[in-house]
Amino acid sequence: GVIDASTGEILAMANYPAFDPNDVKSSSPENRKLAFATDPFEPGSAFKLFTVGSAFEHKVAKLDSNYYCEQGHMKVDGHIISEAESHERYEWLSVADIIKFSSNVGTTKIAFDLTFPKFKETLKKLNFGEKTGIEVPGESRGIFTEAENVTPLSLSNMSFGQGIAVTGVQMLAAYAAIANGGEYVRPTLIKKDQSQVAELEPENDHQLKKRMRVFAPKTSEDLTTALVGVVEKGTGVPVQIPHFKIAGKTATAQRVDGRGGYRGYVSGFIGFPVNVDRRFVIYVYIDNPR
């Protein structure tokens, strides 16, 4: 998926395997939909930026705040939270480094300082748990708890993108709010007349504002700085491209198997070039890569 971060226009949205609309019977039913909008999944590490962004907004942490990452293993509610790469033994990491190296323990600690009610407030503003209103039939609202509070283990899991389900289009729109200076812009397949872009009044259907400030410009700038660090020196080094400065985040999430357990992974990358006139966010993910 590709979104224009300033207008919310979806420039591209596709999935593979696809189907031939002239010969529908030649494809299997699960390939005859736009999974990017209809099929929720656990997003994994790309979600960490919303934990950190919420912490910045609530003045709980700054880019250079330091957290002790317990040498890669932390006990929460009798469960061990460990790093994605189990050999990593992180000790003190700044928030920027927690994002750069994608530390689960570090993100958990930030979430514990933040608390769930404050985290939830940010996620609601980013429209998780609600349909975006994209003009596609069968859009999913994803899965996000309505509870006022959750257990420490649930908060930990959610902070790094497990135990919550999102759609590709929800993630695109939420990252656009990082890319464009802090405003959630409702995604649309309709070409926008530039004179309409600044509209701020709510629309009638489920009172979704077309635009809403979620992050202060400074928060959005700091998150972008951290995302550039991911691509220049962290887990995202392979996505570097000549002539472009990329801000982005890798993600590998355990995949729900439909029987209440996990099997396989959803791997992805979401990011945007920063040295361009109009920023656009691109999100690619593979369900169960071989």
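For the structure, see preceding data.
Remember, it's a predicted structure, so these values are computed and weren't measured experimentally. (Residues numbered from 1 in each chain as written. Predicted model: local features only at pLDDT ≥ 70, side-chain atom pairs only at ≥ 80, totals over all residues. Heavy atoms only, no water.)

Student: Teacher, can you tell me more about the pairing of strand β5 (residues 79-82) here?
Tutor: Two faces make up the sheet, and in a regular strand the side chains alternate between them. Examined bridge by bridge, strand β4 (residues 73-76) and β5 share 4 bridges and lie antiparallel to one another. By the bridge assignment for β5, His73 is matched with Ser82. Linking β4 to β5, which pair antiparallel, is a turn of 2 residues; within it Asp77 sits at a positive phi near 50 degrees. (Pairing = 2+ DSSP bridges. Helix = DSSP H or I, 4+ residues; strand = E, 2+ residues; numbered from the N terminus.)

Student: Got a minute to help me understand the packing of helix α4 (residues 104-114) against helix α6 (residues 152-159) in this structure?
Tutor: The contact between α4 and α6 brings their axes to 8 Å, and the two run at 120 degrees. With respect to each other, α4 and α6 are oriented oblique. Judged by the twist between their axes, the crossing of α4 over α6 is right-handed. Judged by residue contacts, Thr107, Thr108, Ala111 and Phe112 of α4 engage Pro152, Leu155, Ser156 and Ser159 from α6. Across the contact of α4 with α6, the residue classes break down as 4 nonpolar, 4 polar and no charged. (Axes fitted to C-alpha atoms, helices over the stretch in contact; angles between N-to-C directions. Parallel < 35°, antiparallel > 145°, perpendicular 65-115°, else oblique. Left-handed = near helix turned anticlockwise from the far one by under 90°. Contact = heavy atoms within 4.5 Å. Nonpolar A, V, L, I, M, F, W, Y, C, P; charged D, E, K, R; others polar.)

Student: Whenever I open this one, the sheet that holds strand β10 (residues 262-273) confuses me. Can you help?
Tutor: Hydrogen bonds along the backbone pair up the strands of a sheet, which may run parallel or antiparallel. Spatially, 5 strands are ordered β2-β1-β11-β10-β9 in an open sheet, and the strand pairing comes out antiparallel. Looking at which strands have only one partner, the edges of the open sheet turn out to be β2 (10-12) and β9 (246-256). Here the strands of the sheet are splayed against their neighbours by 20 degrees on average, with no regard to which way each runs. Summarising the sheet, β10 and strand β11 (residues 280-287) pair through 6 bridges and their orientation is antiparallel.

Student: So what exactly am I meant to see when it comes to helix α7 (residues 168-179) here?
Tutor: Turn by turn, an α-helix covers 3.6 residues, leaving residues three or four places apart pointing in a common direction. In a regular helix each residue adds 1.5 Å, so 12 residues correspond to 16 Å; α7 covers 16 Å between its end C-alpha atoms and thus fits that length. Across the 12 residues of α7, 12 count as buried, placing the element largely inside the fold. The set of residues buried in α7 consists of Gly168, Val169, Gln170, Met171, Leu172, Ala173, Ala174, Tyr175, Ala176, Ala177, Ile178 and Ala179. Immediately beyond the C-terminal end of α7, within one or two residues, lies Gly181, with a positive phi of roughly 100 degrees. (Expected span 1.5 Å × (residues − 1). Buried < 20%, exposed > 50% of the residue type's maximum accessible area, 1.4 Å probe, protein only.)

Student: Looking at this structure, how should I read unusual backbone geometry?
Tutor: Residue Pro17 is bonded to the preceding Tyr16 through a cis peptide linkage, with omega at 0 degrees. Here Pro17 lies in the loop between β2 and α1 (35-38). Look at His243: it is not a glycine, yet its phi comes out positive at around 75 degrees. Mapped onto the fold, His243 is located in the loop between α8 (217-233) and β9. You can call His243 exposed: its relative accessible area is 75%.

Student: Whenever I open this one, the pairing of β9 confuses me. Can you help?
Tutor: In this sheet, β10 lies alongside β9 in antiparallel orientation, the contact comprising 10 bridges. Within β10, the residue paired with Ile246 across the bridge is Pro273.

Student: How should the pattern of salt bridges be read in this particular structure?
Tutor: Oppositely charged side chains can pair when the atoms bearing their charge come close. A full pass over the atoms with the stated rule returns 11 salt bridges. Two residues, Glu70 and Lys109, come together in a salt bridge whose shortest N-O distance is 2.6 Å. Of this pair, Glu70 sits in the loop between β3 (66-68) and β4 while Lys109 sits in helix α4; the two residues are 39 residues apart in sequence, bridging distant segments of the chain. Assessed through its relative accessible area of 31%, Glu70 is described here as partly exposed. Linking Arg211 and Glu183 is a salt bridge whose minimum nitrogen-to-oxygen distance equals 2.8 Å. Taken together, the residues span a long stretch of sequence, with Arg211 in strand β8 (residues 211-213) and Glu183 in strand β7 (residues 183-185) at a distance of 28 residues. With respect to class, Arg211 is no different from Glu183; both count as buried. (Salt bridge = Lys/Arg side-chain N within 4 Å of Asp/Glu carboxyl O.)

Interpretation in functional terms is not warranted from these geometric data alone.
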